[in-house]
Amino acid sequence: MAQELKVTARHVDPVMVLDLQGDVTMFAEAELTRSYHLAVDNGARELVLNFAGTDYINSAGIAIIISLLTEARASGVSLVISGLSSHYQKIFRMVGLTQYAEVFDTVDDAVRELKSRTTAEPA
Amino acid sequence: MSSEKRIIHLHIPSELGYEKVAMGAARSVAQAMGFSGDRILDLQTAVAEACTNAMEHGNLLNAAQRVEVVMTVEENALAIDVNDKGADAHFAEPQIYDHNKHRGMGMYIIKQLVDEVQWSSRPQGGQVRMVIYLEPKEDAEN
């Protein structure tokens, strides 16, 4: 009944995009945290969680995302969000998740912003 | 759909994922009543949170225990009761929540998305009653 989450990582230099496909619920925890840690362990410091392939997110899933965002912030990783429907953008604002991460309408917007920051940083 | 009251009963296993059945049923009923797309999405999310709370905390994920969803179609409102078999139902007022305790977050989300919500514990288990109106009630300041 639940649609298992699959996460695909792709590199859009220098940004790592994690494309989420499926449900973001408590069942997604292992796949989400594994994918995030794999990306960070491989050197990613600018990441996008792209929800464009997701049409069901519940509070357990939101709690997992908050946990990842908290970890990212503590370790100096830029983790931003893209691809949410307007409904889930509203829910994320409602629960205060936007205090933890920037939310972009599209993955292209998110990548563009993260790229501009890395190029603006002094060498 | 006529203005006469209609009641739809749905019983789903206490197994995470089956809340989607209740979401789909709520969507169908709300569409037939003429709710807007945004309101239907709000309702679906509220129903999903209520069902997963009932499965996890009321029925302790015992798949043999059913969560009962009762949708009552009224002339200008849709009421949805989500009933579990929890022996020790206890609900705190969900004004705030701890991010590490997603149950509180779920209850908070429900409260934000529907026009009326009431949590109660009955001898036979816990109950959440949610109501949405076809035309939202006037705010006090209006």
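As a starting point, this report considers the structure included with it. Nothing here was measured: the structure is a model prediction, and the numbers come from that model.

## Considerations on the overall build of chain A
Moving on, step 1. Broken down by element type, chain A carries 4 helices and 5 strands.
Moving on, step 2. Along its sequence from the N terminus, chain A presents helices and strands in the succession β-β-α-β-α-β-α-β-α.
Moving on, step 3. In terms of C-alpha radius of gyration, chain A reaches 13 Å, essentially the compact-globule figure of 14 Å for 123 residues.
Moving on, step 4. Taken along the three principal axes of its C-alpha coordinates, chain A extends 50 × 25 × 25 Å.
Moving on, step 5. Counting every position in chain A, which comprises 123 residues, the buried fraction comes to 45%.
Moving on, step 6. Long-range contacts, defined here as pairs at least 24 residues apart, represent 69% of the contacts in chain A between residues at least 6 apart.

## Observations concerning the environment of Asn 50 of chain A
All names here are of chain A.
Moving on, step 1. With respect to the secondary-structure elements, Asn 50 resides in strand S3 (residues 46-53).
Moving on, step 2. Along the sequence, Asn 50 and Asp 105 sit 55 residues apart, while their C-alpha atoms lie 9.7 Å from each other.
Moving on, step 3. Ignoring anything within four residues of it in the chain, the contact list for Asn 50 reads Val 17, Leu 18, Asp 19, Leu 20, Ser 82, Gly 83 and Val 107.

## Side note on helix H1 (residues 19-33) of chain B
All names here are of chain B.
Moving on, step 1. The first and last C-alpha atoms of H1 sit 21 Å apart over 15 residues, in line with the 21 Å expected at 1.5 Å per residue.
Moving on, step 2. Buried within H1 we find Glu 19, Ala 22, Met 23, Ala 26, Val 29 and Ala 30. For H1, the angular spread of the buried residues around the axis is 135°, confining them to a single face. More than 90 degrees from the buried face of H1, the exposed residues found are Gln 31 and Ala 32.
Moving on, step 3. Contact partners of the buried residues in H1: strand S1 (6-13), helix H2 (37-58), strand S2 (66-73) and strand S3 (77-83).
Moving on, step 4. Two residues or fewer after H1 comes Gly 34, characterised by a positive phi angle close to 100°.

## Concerning H2 of chain B
All names here are of chain B.
Moving on, step 1. With 22 residues, H2 extends 30 Å between its outermost C-alpha atoms, agreeing within 8% with the 32 Å of an ideal straight helix rising 1.5 Å per residue.
Moving on, step 2. Burial runs high along H2: 18 of the 22 residues are buried.
Moving on, step 3. At the exit of H2 stands Leu 60, carrying a positive phi of roughly 50°.

## Re the sheet that holds strand S5 (residues 103-104) of chain A
Residues and elements named next belong to chain A.
Moving on, step 1. Read across the sheet, 5 strands follow the order S1-S2-S3-S4-S5 without closing on themselves; strand pairing throughout is mixed. In this open sheet, the two strands that pair with only one neighbour each are strand S1 (6-12) and S5.
Moving on, step 2. Summarising the sheet, strand S4 (residues 78-82) and S5 pair through 2 bridges and their orientation is parallel. Bridged to Ser 82 within S5 is Phe 104.
Moving on, step 3. Set on the sheet, helix H4 (residues 107-120) makes contact with S1, strand S2 (15-21), S3, S4 and S5; between it and S3 the angle comes to about 175°.

## Focus: the sheet that holds strand S5 (residues 125-133) of chain B
Residue and element names in this part refer to chain B.
Moving on, step 1. Taken in spatial order, the 5 strands line up as S1-S2-S3-S5-S4 in an open sheet, and their pairing is antiparallel. Because the sheet does not close on itself, it has two edges, and the strands there are S1 and strand S4 (116-122). On average, each strand axis in the sheet is inclined to that of its neighbour by 15°, with strand direction left out of account.
Moving on, step 2. Bridge count between S4 and S5: 7 bridges; the pairing is antiparallel. Residue pairing for S5: Gln 118 is matched across the bridge by Arg 129.
Moving on, step 3. On top of the sheet, H2 reaches S1, S2, S3 and S5; it is set at about 175° to S5, its chief contact.

## Side note on the pairing of S2 of chain B
Residue and element names in this part refer to chain B.
Moving on, step 1. Where S1 meets S2, 8 bridges bridge the pair, whose relative direction is antiparallel. When the sheet's bridge partners are listed, Pro 13 is paired in S2 with Arg 66.
Moving on, step 2. Taken together, the 6 bridges between S2 and S3 define a ladder with antiparallel strand orientation. When the bridges of S3 are listed, Val 69 appears paired with Val 82.

## Notes on the environment of Met 33 of chain B
Residues and elements named next belong to chain B.
Moving on, step 1. Tracing the chain through its elements places Met 33 in helix H1.
Moving on, step 2. Given 19 C-beta atoms within 10 Å, Met 33 falls into the partly exposed group.
Moving on, step 3. Separated by 41 residues in sequence, Met 33 and Glu 74 have C-alpha atoms that sit 9.2 Å apart.

So, how was this worked out
- Residues numbered from 1 in each chain as written.
- Chains lettered and ligands numbered in written order.
- Predicted model: local features only at pLDDT ≥ 70, side-chain atom pairs only at ≥ 80, totals over all residues.
- Helix = DSSP H or I, 4+ residues; strand = E, 2+ residues; numbered from the N terminus.
- Rg over C-alpha atoms; globule rule 2.2 N^0.38 Å.
- Buried ≥ 20, exposed ≤ 12 C-beta atoms within 10 Å, placed from the backbone.
- Contact = placed C-beta atoms within 7 Å.
- Expected span 1.5 Å × (residues − 1).
- Arc of directions from axis to C-beta.
- Pairing = 2+ DSSP bridges.
- Axes fitted to C-alpha atoms, helices over the stretch in contact; angles between N-to-C directions.

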